[in-house]
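Here is how the chains run, residue by residue.
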Amino acid sequence: MRLRHLHGLSALIVASYACVHIANHLVGLAGIEAHMAFMSAARSVYRLPAVEALLLSAIAFQICSGLAFVIRGWKQREGFIQWLQAGSGAYLLFFFLNHVREIFLARFVVPVDTNFYFGASGFYVPPFQFFVAPYYFLAVLAVFTHLGCALYWQLQTRSRPARILAIALPAVVGFVISLLIVLSLAGVFYPVEVPSGYKAIYNGQTS
Ligand code: HEM
């Protein structure tokens, strides 16, 4: 029970960052310059060493505690909602490990500025678009769905339709937001010219 509370607490920290981060990608619907300007302002807060350390610690804790829940509840889990929560959580676990690793490799090893072009680059180096499109789409959708599942368990005293709505609404909103972000990165709303240095990362020509 204590671990579950701590998992919820660190989820608040991760979710706060996720809100800013997803808002940043939504601002990107207005164009690359708008995306970059928002990111530059947001970075002045989330790239403060203390803030970044707190965020990364919360993510590490989220991964470890989430893994413990997935393994511990494997045999007892029953019903669609429990599996939806475990499935979206397991995907986030995979995504966090991969996403944070690739961002830090790009920042400190390549090194490149991990801006809009970094997020978009995989869409412009075939066949990686077939990986990055579902990879990002499912990440944003999983954030909303996972939070909706947590809300469902919080609303124990409410009617069944109200509890179902607590999951369905975030999932539908997440679906639409995911789709818009992926389409903007894929260049559907405006042309995107990714500099060759970013594409080279996918072609393995970074050293
Ligand atoms: C469309 C989906 C996504 C794209 C294209 C994307 C892209 C990026 C980019 C470009 C950065 C670098 C930011 C910077 O340098 O300031 C970043 C950082 C990060 N992203 Fe995402 N992201 C996506 C979804 C998510 C989601 C759903 C999460 C979950 C919370 C997430 C968590 C993070 C974290 C933790 C960092 C590192 C922050 C730091 O300490 O600098 N991302 N992402």
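Residues numbered from 1 in each chain as written. Predicted model: local features only at pLDDT ≥ 70, side-chain atom pairs only at ≥ 80, totals over all residues. Heavy atoms only, no water.

(A) Structural view of the state of the cysteines. The full count for this structure, using the stated rule, is zero disulfides. Of all cysteine sulfurs, the one in Cys-149 lies closest to Cys-19, which takes part in no disulfide; the gap is 17 Å. (Disulfide = S-S within 2.5 Å.)

(B) Highlighting the site of the ligand. Close to the ligand lie 24 residues, the nearest being His-21, Tyr-46, Glu-52, His-99 and Thr-114. Here Glu-52 contributes a side-chain N or O atom positioned 2.6 Å from an oxygen atom of the ligand. Put simply, the parts of the chain that give the shell around the ligand at least two residues each are α1 (2–27), α2 (32–46), α3 (49–72), α4 (80–108), α6 (129–154) and α7 (160–185). Among the elements that make up the shell around the ligand, the one with the highest residue count is α4 (seven residues). (Near = heavy atom within 4 Å. Polar contact = N/O pair within 3.5 Å; in protein donor to acceptor, adjacent residues only side chain to side chain. Helix = DSSP H or I, 4+ residues; strand = E, 2+ residues; numbered from the N terminus.)

(C) Highlighting a nonpolar patch on the surface. A contiguous nonpolar patch, built from Val-172, Phe-175, Val-176, Leu-179, Leu-180, Val-188 and Phe-189 and spanning about 590 Å² of accessible area, is present on the exposed surface. Counting through the fold element by element, Val-188 comes out in the loop between α7 and α8 (196–202). (Patch = residues over 30% accessible without salt bridge, like charges linked within 9 Å, V, L, I, M, F, W, Y side chains within 5 Å. Areas by Shrake-Rupley, 256 points an atom, 1.4 Å probe, with all protein chains shown as cover. Salt bridge = Lys/Arg side-chain N within 4 Å of Asp/Glu carboxyl O.)

(D) Structural detail: the side chain of Arg-77. As for its placement among the helices and strands, Arg-77 is situated in the loop between α3 and α4. Setting aside anything within four residues of it in sequence, one finds Arg-77 in contact with Phe-69, Val-70, Gln-82, Trp-83 and Ala-86. (Contact = heavy atoms within 4.5 Å.)

(E) Structural context of unusual backbone geometry. Put simply, Val-110 and Pro-111 share a cis peptide bond, and its omega is -20°. For Pro-111, the location among the structural elements is in the loop between α4 and α5 (116–121). Cis rather than trans, the peptide bond between Pro-126 and Pro-127 has omega equal to 5°. Secondary-structure assignment places Pro-127 in the loop between α5 and α6.

(F) Expanded view of the coordination of the iron atom of the ligand. Within the protein, His-21 (NE2) and His-99 (NE2) serve as the donor atoms for the iron atom of the ligand, at 2.0 Å. Given six donor atoms and angles of 85 to 179° at the metal, the environment of the iron atom of the ligand is assigned as octahedral. Pair noted here: His-21 is in helix α1 and His-99 is in helix α4, with a separation of 78 residues, a long-range link. Grouping residues by exposure puts His-21 and His-99 together as buried. (Donors = N, O, S within 2.8 Å, 3.2 Å for Na, K, Ca; no water. Tetrahedral: all angles 85-135°; square planar, octahedral: opposite > 155°, others 65-115°. Buried < 20%, exposed > 50% of the residue type's maximum accessible area, 1.4 Å probe, protein only.)

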